[in-house]
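Reading the structure
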Amino acid sequence: MDSREKIEACERNKSIGNSLFKAGNFWQASKKYEKAAKYLDFDHSFTDEEKASANALCSSCYLNNAACKLRLAEYSEASKLCTKVLEIDPSNAKALYRRSQAYLNVSDLEKAEADISRALSIHPNDRDLKLVYKELKEKQREYKVYQAEMSRTILSRMV
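About the criteria used
- For every chain, the first residue of its written sequence is number 1, and the numbers climb from 1 along that sequence.
- A pLDDT threshold of at least 70 governs which residues receive local features in this predicted model, and a stricter bar of 80 or more applies before side-chain atom pairs are shown or counted, although totals over entire chains, interfaces and linings include all residues.
- In computing side-chain properties, one takes all heavy atoms of the structure into account and sets aside hydrogens as well as water.
- Exposure above 30% relative accessible area and the lack of any salt bridge qualify a residue for a patch; like charges then connect within 9 Å, and the nonpolar side chains Val, Leu, Ile, Met, Phe, Trp and Tyr within 5 Å.
- In short, Shrake-Rupley with a 1.4 Å probe defines the accessible areas, and a residue's cover is counted only from the protein chains shown.
- When a carboxyl oxygen of Asp or Glu is within 4 Å of a side-chain nitrogen of Lys or Arg, the pair counts as a salt bridge.
- Per the convention used, a helix needs a DSSP run of H or I reaching at least four residues, while a strand needs a run of E reaching at least two, with both numbered from the N terminus.
- Partly exposed residues are those whose accessible area sits between 20% and 50% of the maximum for their type, while under 20% is buried and over 50% is exposed, using a 1.4 Å probe and protein chains only.
- The charge count treats Lys and Arg as positive and Asp and Glu as negative. His and the chain ends do not count.
- It only takes one pair of heavy atoms within 4.5 Å for two residues to be counted as in contact.
- Where each domain begins and ends is defined by an automated method or by a domain database.
- Throughout, the accessible surface (probe 1.4 Å) given up by two parts as they are put together, summed over both, is called the buried area.
- Polar contact is the term for a pair of N or O atoms within 3.5 Å; when the atoms are in protein, one must be able to donate a hydrogen and the other to accept it, and sequence-neighboring residues count only if both atoms are side-chain atoms.
- Each residue receives one of three labels: charged for Asp, Glu, Lys and Arg, nonpolar for Ala, Val, Leu, Ile, Met, Phe, Trp, Tyr, Cys and Pro, and polar for the others, Gly being one of them.

**Some thoughts on a nonpolar patch on the surface**
Side chains of Tyr 143, Tyr 146, Met 150, Ile 154, Leu 155 and Met 158 sit close together on the surface and give an oily, nonpolar patch of about 660 Å² of accessible area. If you trace the backbone, Met 158 turns up in helix 7 (residues 127-158). Judged by its relative accessible area of 64%, Met 158 is exposed.

Written out as structure tokens, the structure reads:
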């Protein structure tokens, strides 16, 4: 299979994955995105032009797969996929956004804040980013209340 055929095969699988995602079949869509990305992973035979196209296509497959993983509550996998995209494009706001969602869902608030802040610095007017930032701030407030209650409980038992 030459480089052009690999890119076309990737695009076909991605398109099927998109249809499955729209139909709510997140697990099957995820498998199609994984298959699509495998056509391009670790291939060093691309020309410079093909490499740029392959990287963009691969990033899109990773991000779509991350969206599936978020819907399937597989937050660690979603985070890993977004990290792969950020290795290709460190300023990809969508990858930062999705990874922050994954971190938020496992209550890793520091990492979530770092990612959402970076994404907001790239797209300061993005509504979805602002909503996740608001959700993060609410979770941080809840955590502070929880910590205060735990401290009071511990101190009251010491007396």
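**A look at the side chain of Arg 98**
Inspection of the secondary structure puts Arg 98 in helix 5 (residues 93-105). For the buried Arg 98, which has no salt bridge, the nearest side chain bearing the opposite charge is Asp 128, at an N-O separation of 8.3 Å. Sequence-distant contacts of Arg 98, that is, excluding residues within four places in its chain, are made with Leu 63, Asn 64, Ala 66, Ala 67, Leu 70 and Cys 82.

**Things to note about the domain arrangement of the protein**
On domain assignment, one finds that the protein holds domain 1 (1-72) and domain 2 (90-158). Of note, the centres of domain 1 and domain 2, computed from C-alpha atoms alone, are 29 Å apart. Taken together, the contacts link 5 residues of domain 1 with 6 residues of domain 2. If you sort the residues of domain 1 by the area they bury against domain 2, Leu 63, Ala 67 and Leu 70 come out on top, with a joint share of 88%. Taken together, the connections running from domain 1 to domain 2 amount to 0 salt bridges. Where domain 1 packs against domain 2, one counts 1 residue pair in polar contact (both at pLDDT 80 or more). Here the side of domain 1 that touches domain 2 is composed, by residue class, of 4 nonpolar, 1 polar and no charged.

**What to know about the environment of Glu 50**
The topology assignment puts Glu 50 in helix 3 (residues 48-71). Using a relative accessible area of 22% as the deciding quantity, one classes Glu 50 as partly exposed. Glu 50 sits 30 residues away from Leu 20 along the chain, and the two C-alpha atoms are 27 Å apart. Excluding residues that lie within four positions of it along the chain, Glu 50 makes contacts with Ser 3, Arg 4, Ile 7 and Ser 45. At 3.0 Å, the side chain of Glu 50 and the backbone nitrogen of Thr 47 are in polar contact.

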